[in-house]
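# Inside the fold
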Amino acid sequence: MQTVINRRDPVNVRAADAAVRAAEHAISTSSPALLGDTLGITTAAQVRRRVARVLALKQQAERDLSRRDEYQRAAEELRAWAAAAYLAALHDPPEPRSS
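Reading guide: rules and limits
- Residues numbered from 1 in each chain as written.
- Predicted model: local features only at pLDDT ≥ 70, side-chain atom pairs only at ≥ 80, totals over all residues.
- Heavy atoms only, no water.
- Helix = DSSP H or I, 4+ residues; strand = E, 2+ residues; numbered from the N terminus.
- Buried < 20%, exposed > 50% of the residue type's maximum accessible area, 1.4 Å probe, protein only.
- Contact = heavy atoms within 4.5 Å.
- Patch = residues over 30% accessible without salt bridge, like charges linked within 9 Å, V, L, I, M, F, W, Y side chains within 5 Å.
- Areas by Shrake-Rupley, 256 points an atom, 1.4 Å probe, with all protein chains shown as cover.
- Salt bridge = Lys/Arg side-chain N within 4 Å of Asp/Glu carboxyl O.

Attention now goes to the overall build of the protein. Each helix and strand in the protein was counted, giving three helices and zero strands. Helices and strands appear in the protein in the N-to-C order α-α-α. In the protein, which comprises 99 residues, the share counted as buried stands at 10%. Taking the contacts inside the protein whose residues are at least 6 apart along the sequence as the reference set, 25% of them involve residues at least 24 apart.

See below:
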């Protein structure tokens, strides 16, 4: 599987570079600790940020019905992101081709 990084987005580049360096460290040291920490901390931070946004929109939607669609869209995006992140974590690399 090829890693695709949007090189025009400096935040994505820095984040991806950190993950790549952690993966390289795991390979060179035969230890998954740094890679696990990097992915775990990043994922936990994203979960907190995304859930907080949805909950804030939910609270606003309860007071102002015009915000209801925005809340529902954000909630659906959270569900989709969670499913994609979970499936990405479970995805096995392709088997090596035999010659």
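Further notes follow.
Together, Tyr-86, Leu-87 and Leu-90 line one region of the surface with nonpolar side chains, adding up to about 350 Å² of accessible area. Within the element layout of this structure, Leu-87 appears in helix H3 (residues 68-90). The exposure class assigned to Leu-87 is exposed, which follows from its relative accessible area of 55%.

Read these as spatial facts, not as claims about activity.
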